[in-house]
Number of protein chains: 2
Amino acid sequence: MAARPLSADEQQAWRAFLGATKHVFEQLDRQLQHDAGMPLAYYDILVLLSEAPDRTLRMSELARRSRSSRSRLSHAVDRLEQAGWVARERCPTDRRGYFATLTDEGFAQLTAAAPGHIAAVRSVLFDPLSPAQVASLRAICERVLDQAGEQPPAPGSAATTLPAVGE
Amino acid sequence: MAARPLSADEQQAWRAFLGATKHVFEQLDRQLQHDAGMPLAYYDILVLLSEAPDRTLRMSELARRSRSSRSRLSHAVDRLEQAGWVARERCPTDRRGYFATLTDEGFAQLTAAAPGHIAAVRSVLFDPLSPAQVASLRAICERVLDQAGEQPPAPGSAATTLPAVGE
DNA sequence: TCAACCACGTTGAGGACTCAACTATCCCTG
DNA sequence: CAGGGATAGTTGAGTCCTCAACGTGGTTGA
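Everything numeric here is computed off the predicted structure, so don't read it as measured data.

*Asks:* Please clarify how the sheet that holds strand 3 (residues 98–102) of chain A should be interpreted in this entry.
*Replies:* Strand pairs in the sheet, formed through backbone hydrogen bonds, run parallel or antiparallel to each other. Residue and element names in this part refer to chain A. The strand order across the open sheet built from three strands is 1-3-2, with neighbouring strands paired in antiparallel fashion. If you trace the sheet from one side to the other, it starts and ends with strand 1 (56–58) and strand 2 (86–90), each paired once. Strand after strand, the sheet turns through a mean of 25° between neighbouring axes, direction not considered. Inspection of the sheet shows strand 1 paired to strand 3 by three bridges, in the antiparallel sense. Among the inter-strand pairings, Leu57 is bridged to a residue of strand 3, identified as Ala100. Across the sheet, helix 2 (residues 40–51) touches strand 1, strand 2 and strand 3, and the angle it forms with strand 3 is around 95°.

*Asks:* In this structure, what is going on with the interface of chain A and chain B? I would like to understand it.
*Replies:* It is common to give the size of an interface as the accessible area lost on bringing the parts into contact. Between chain A and chain B, the contact holds 56 residues from the first and 56 residues from the second. Interface area, chain A with chain B, both sides summed: about 5300 Å², of which 69% is carbon and sulfur. The largest contributions to the chain A side of the interface with chain B come from A:Trp14, A:Phe17 and A:Arg122, which together make up 12% of the buried area. Put simply, chain A and chain B have six salt bridges between them. Two residues, B:Glu10 and A:Arg122, come together in a salt bridge whose shortest N-O distance is 3.2 Å. At the level of secondary structure, the elements contributing two or more residues to the side of chain A that touches chain B comprise helix 1 (8–36), helix 2, helix 5 (104–126) and helix 6 (131–149) of chain A. It is helix 1 of chain A that provides the largest number of residues to the side of chain A that touches chain B, a total of 18 residues. Considered class by class, the residues forming the side of chain A that touches chain B number 32 nonpolar, 10 polar and 14 charged.

Reading the values: rules and limits
Residues numbered from 1 in each chain as written. Chains lettered and ligands numbered in written order. Predicted model: local features only at pLDDT ≥ 70, side-chain atom pairs only at ≥ 80, totals over all residues. Heavy atoms only, no water. Pairing = 2+ DSSP bridges. Helix = DSSP H or I, 4+ residues; strand = E, 2+ residues; numbered from the N terminus. Axes fitted to C-alpha atoms, helices over the stretch in contact; angles between N-to-C directions. Contact = heavy atoms within 4.5 Å. Buried area = accessible area lost by both parts, 1.4 Å probe. Salt bridge = Lys/Arg side-chain N within 4 Å of Asp/Glu carboxyl O. Nonpolar A, V, L, I, M, F, W, Y, C, P; charged D, E, K, R; others polar.

Encoded structure:
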């Protein structure tokens, strides 16, 4: 399976991508950790909760939206719960399930953290780019994500298309 | 400091970027870990060493090229040394320093791991993109990296430009 | 020559993530 | 309504990373 190696263009695109993403996430993580005491992944969880009705989501739904594994989310919510920023509650209709709710304290933390984080996102990612590049980046990332949905046509599986999961 | 919030376009670009990068690195890390028993970060270290004269680099130079902290690199080389893929050697002319060398065993591992990794990079990142998008992605990432070089004009520091570090 | 300073790299503690195994609950079929 | 299989979520061990502190060796200037 001697895969065709990357072309020179692809090679350089790949290295630039590796470097740029490493840099971006390192800056953002450091900024958030320093100024708000949470990593980027946790900030995202709080954002997702803050946007949900009643600031509440089922664990599995939260995992899906944050693109994390159940395990990762469970560990993360453990910590956020310890911090008092999120509360867990049993789901009355399905007793396997739990809801995660953003507490007032969590909302306050998020509100406090947002301006610094947004400024960092701007300065590290958007400021250097032209509007056309921002649009292009978005199209590229959405393309990659679309492709990600149409998973490996697992050998033997016929129709794996899921009934649109109304985002 | 109520930073201007992200525009709707920026917002969506940002979320797509978060999602796409998360997906890409998750896939690649999983593939490498499963098929070659190393995370992407270690693979990159081996690549950098394999390209260097005598497959050898000073720790600090390796840290710079891999964009990792000295600490991270030190831990990583610990592990790679335990695996027998890299060897450390004192620098004779500067006794604070060390060289890291890719061993034959390490080179063999890298050679074995490369095809699968490259195939994964293609399938997850490049295959979904048009050539124009690949070029665009590269330009975008290089722009972000350029900007990263011109660090914060630290208050009070006059000329922080470094004497081009011959790449 | 010696003190102050800087550069190289390591160390250890603690946090976040992965993977596999596990419990508990729900649902479907016979 | 029993049994099997899927689904929801948790748990613990192990890995990788970060941060701050440290030892050691080079360098510079009075």
